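Tertiary structure, described
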Amino acid sequence: MATIEEVKKLAALARIKIGEAELEKFTSEFDTILAYVGQLEFLQLPASSSQPSTLRNVMRKDEEPHAGGEYTQKLVEQFPQREGDALSVKQIIFHD
Amino acid sequence: MTKSNEMTIVEAARVLRAKELTVRELWDACAIAAYARNPELHAFLEIFEADDAAITAAQERIKREGEAAPILCGIPLAIKDNILIEGKIASAASKMLEQYRAAYDATVIKKLKEAGALFLGRTNMDEFAMGSSTEHSAFGPTKNPHDTARVPGGSSGGSAAAVAAHLCIAALGSDTGGSVRQPAALTGIVGLKPTYGDISRCGLIALGSSLDQIGPLAKTTVDARILYEAIRGTDALDATTIPDGLYEAREVPEHLRIGVPRHLLEEGIDADVRAAFDTTLEKLTRAGHEIVKVKLPTSSHALAAYYIIMPAEASTNLARFDGMRYGHAAHPPAGGLLDDYIESRTEGFGKETLRRILLGTFVLSAGYIDAYYRKADAARAVLRREYENAFKSCDVIAFPTTPSPAFAFGEKSDPVAMYLEDIFTVSANLTGMPAISVPMGMVEREGKRLPVGIHFTAPHQTEDALFTIGRIVEDSR
């Protein structure tokens, strides 16, 4: 059973906020979902199921870059806050 | 003559080449239908202004190249709102990206532009493709053209409704757990989820990166194939795309062996849907195809595994939305940078998205990753082997696409009830195998006739078998 405190903690980890009014509903829905996906606990998998992955990394050469500045204006236009072509954010480093 | 917006790709391409219709007339027919019915259906989030240059170029190309012009030249298509078209908004039906304008074309869009296709608009969907009804769209749901009191399915419900109501000739959607095939079934059209890696995901707003695949929604299997062939292929911008022949080639015999996992069909399926499925199988048997019993024991746990893996990947993918570089941004004056992140995300994401972010965060957290995520991943590998084994004795595997026809708005307010819509479709995403939904008849609910679909899965890179069986089912109806 998930508790309201646990859901609050998960929300904090995920950088979201669940309003007090909705916490209870979210917690109970969360429980329902966990109860459903929790059925995997009872699934017996054959011992061979932990085979090494057949996935491999695909690399490409670092070459043929697009022309410098080609996308700058389009990307800058998306900035929520800007100063010229610079992205403006709140102060990150404090010196006190 | 069929009204031009009601034509298939094949029919429209023919009349364009025969000079019975101009590209402009075809565009106008679709645009007029879209403007007329969109207030009722809400299939499109935006209907684009006619691109005169593209229409003229397509017309000239058909005139110049005739039969050699790409078949999609001059064909108006609808595009799901999570596929990037340069200069257009791509919102994934989320407040988070309500004003986001794509800085580049998705690879599939690039390919369609090269083929001369036209884009009629961007279609509604569940927010970030999370849902099976379009009820999770931040901009209101799409209605099913067969009964506007019912959902069109989802998440590509806008694309499905647009095709089914003939507001366009064909459409693109994306399929993470059934999001092309389920709405295709519920609106009576064809939907294909290709082999994982067959189609570039570059420019597709990510949900579950190991599951997502763009797919066509079309009026016929032949049309689905045309769109599929136009957008497929390796792409340097998506390292998961695969070359032809990566998997063992398989012949598609004239008489197919159709695997049916009877043990999965014993309960939970509406009686008339089951009857439509059995009737379709009988017709296939009479036409000389063979029904083979197959066993896929882990299938009954596939949905649980899916609802661990997908939220894990979704929560990771959605971590990029923080209100800094693009998308919805909140700047509470009193708070610091962390408050900007939290406020932007909390305001920008809808409820289902928040639920899946929480779930994904949970199954990946240190104390639970073994019990949930790693177990689900192991189950996924076992499921894939079961399917590979089953395909030793059959060419395709069949079940109904959904257990029921389209449901009423609000009927599945419990999240797990909604998740169960995907029970038959998720396996193809977990295994990476291609799958198609084709209409298999109609059932009646409250005096309305509603379409249902039959679903076929094939081994990796054996889409040919799906197109073959799809046509056979269409011809047998």
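In what follows, the accompanying structure is described. As the structure is a prediction and not an experimental result, all values here were calculated from the model.

**Describing the overall build of chain A**
- Check the secondary structure of chain A and you find three helices and two strands.
- Secondary structure elements in chain A, listed N-terminal to C-terminal, are α-α-α-β-β.
- What you see for chain A is a C-alpha radius of gyration of 24 Å, clearly larger than the 12 Å of a compact globule of 96 residues, by over 25%.
- With respect to the three principal axes, the spread of C-alpha positions in chain A is 55 × 45 × 30 Å.
- Within the structure as shown, chain A displays about 7500 Å² of accessible surface, and the carbon and sulfur contribution to it stands at 54%.
- Of note, chain A has its 11 positive side-chain charges centred 4 Å away from the centre of its 16 negative side-chain charges.

**What about the nonpolar core?**
Residues and elements named next belong to chain B.
- L112, F128, I258 and F456 are the most contacted members of the largest nonpolar core, which totals 162 residues.
- Here this core takes eleven residues from helix α9 (residues 302–317), the largest share from any one element.
- Setting aside its immediate chain neighbours within four residues, I258 contacts L281, L284, H289, E290, I291, V292, C394, V396, A398, F456 and I469.

**Notes on helix α5 (residues 157–164) of chain B**
All names here are of chain B.
- For α5, a buried count of eight out of eight residues is recorded, marking the element as mostly surrounded by other parts of the structure.
- Every buried residue of α5 is listed here: G157, G158, S159, A160, A161, A162, V163 and A164.
- Its buried side turned inward, α5 meets β1 (44–47), β2 (76–80), β3 (118–123), β4 (170–175), α6 (181–187) and β6 (213–218).
- Positive phi shows up at H166, right after α5, with a value of about 60°.

**With respect to the sheet that holds strand β11 (residues 448–457) of chain B**
All names here are of chain B.
- Within the open sheet, the eleven strands sit side by side as β1-β3-β2-β4-β6-β5-β10-β11-β9-β7-β8. Their pairing is mixed. Every interior strand has two partners, whereas the edge strands, β1 and β8 (290–293), have only one. Strand-to-strand twist in this sheet, taken as the mean axis angle between neighbours without regard to direction, amounts to 30°.

**Here's the deal with the side chain of T462 of chain B**
Residue and element names in this part refer to chain B.
- By the element assignment, T462 lies in the loop between β11 and α15 (463–476).
- For T462, a relative accessible area of 5% corresponds to the buried category.
- Beyond its immediate stretch of four places on either side in the chain, T462 contacts T195, R250, V252 and P434.

**Side note on the interface of chain A and chain B**
- Contact with chain A, which involves 42 residues of that partner, is made by 56 residues of chain B.
- Between chain A and chain B, roughly 4300 Å² of surface is buried when both sides are summed, and carbon and sulfur atoms account for 69% of that area.
- Inspection of the region where chain A meets chain B yields five salt bridges.
- Its salt-bridge partner being K17 of chain A, residue E343 of chain B comes within 2.4 Å of it at the nearest N-O pair.
- Between the two partners, chain A and chain B, sit 14 residue pairs in polar contact (both at pLDDT 80 or more).
- Of all the secondary structure elements, the ones that give two or more residues to the side of chain A that touches chain B are α1 (4–13), α2 (20–37) and α3 (72–78) of chain A.

**What about the packing of helix α4 (residues 107–114) of chain B against helix α7 (residues 221–231) of chain B?**
Residues and elements named next belong to chain B.
- Contact geometry for α4 and α7: axes closest at 8 Å, N-to-C directions at 110°. If you check the angle between α4 and α7, you find them roughly perpendicular. Counted together, V108, K111 and L112 of α4 and L227, A230 and I231 of α7 form the full contact between these two elements.
- In terms of residue class, the contact of α4 with α7 is built from five nonpolar, no polar and one charged.

**Things to note about the pattern of salt bridges**
- Applying the stated criterion to the full structure yields 35 salt bridges over all chains.
- One salt bridge connects E29 of chain A with R355 of chain B, and the closest N-O pair in it is separated by 2.6 Å. Highlighted residues: E29 of chain A in helix α2 and R355 of chain B in helix α11 (residues 351–363), drawn from two different chains. Each of the two residues, E29 of chain A as well as R355 of chain B, counts as buried.
- D238 of chain B is paired through a salt bridge with R201 of chain B; the nearest N and O atoms lie 3.7 Å apart. Taken together, the positions of D238 of chain B in the loop between α7 and β7 (257–260) and R201 of chain B in the loop between β5 (190–193) and β6 put the pair 37 residues apart, joining distant regions of the chain. For the pair D238 of chain B and R201 of chain B, a shared accessibility class is recorded, and that class is buried.
- If you follow the salt bridges from partner to partner, you end up with K25 and E29 of chain A together with E352, R355 and R356 of chain B in one network.

**Description of helix α10 (residues 337–348) of chain B**
- Look at α10 of chain B: 16 Å from first C-alpha to last across twelve residues, which is about the 16 Å you get at 1.5 Å a residue.
- When α10 of chain B is considered as a whole, its buried residues turn out to be L337, D340, I342, E343, S344, R345 and G348 of chain B.

**Looking at a nonpolar patch on the surface**
Residue and element names in this part refer to chain A.
- The grouping of L87, V89, I92 and I93 at the surface amounts to a nonpolar patch, some 350 Å² of accessible area in total.
- Mapped onto the fold, I93 is located in the segment after β2 (86–87).
- Judged by relative accessible area, which is 58%, I93 ranks as exposed.

**Topic: the environment of Q39 of chain A**
- Counting through the fold element by element, Q39 of chain A comes out in the loop between α2 and α3.
- Each C-alpha atom, one on Q39 of chain A and one on L87 of chain A, is 47 Å from the other, the two residues being 48 residues apart in sequence.
- Setting aside residues no more than four positions away along its own chain, Q39 of chain A makes contact with S300, H301 and A304 of chain B.

**Focus: the pairing of β8 of chain B**
All names here are of chain B.
- In this structure, β7 lies alongside β8, joined through four bridges in parallel fashion. Looking across to β8, one finds that I258 is bridged to I291.
- Handedness of the crossover joining β7 and β8 through helix α8 (residues 271–286): right-handed.

About the thresholds
Residues numbered from 1 in each chain as written. Chains lettered and ligands numbered in written order. Predicted model: local features only at pLDDT ≥ 70, side-chain atom pairs only at ≥ 80, totals over all residues. Heavy atoms only, no water. Helix = DSSP H or I, 4+ residues; strand = E, 2+ residues; numbered from the N terminus. Rg over C-alpha atoms; globule rule 2.2 N^0.38 Å. Areas by Shrake-Rupley, 256 points an atom, 1.4 Å probe, with all protein chains shown as cover. Lys, Arg positive; Asp, Glu negative; His and termini not counted. Charge placed at Lys NZ, Arg CZ, Asp CG, Glu CD. Core = buried A, V, L, I, M, F, W, Y, C linked by side-chain atoms within 4.5 Å. Buried < 20%, exposed > 50% of the residue type's maximum accessible area, 1.4 Å probe, protein only. Contact = heavy atoms within 4.5 Å. Pairing = 2+ DSSP bridges. Axes fitted to C-alpha atoms, helices over the stretch in contact; angles between N-to-C directions. Buried area = accessible area lost by both parts, 1.4 Å probe. Salt bridge = Lys/Arg side-chain N within 4 Å of Asp/Glu carboxyl O. Polar contact = N/O pair within 3.5 Å; in protein donor to acceptor, adjacent residues only side chain to side chain. Parallel < 35°, antiparallel > 145°, perpendicular 65-115°, else oblique. Nonpolar A, V, L, I, M, F, W, Y, C, P; charged D, E, K, R; others polar. Expected span 1.5 Å × (residues − 1). Patch = residues over 30% accessible without salt bridge, like charges linked within 9 Å, V, L, I, M, F, W, Y side chains within 5 Å. Right-handed = clockwise from strand over helix to strand, strands pointing away.

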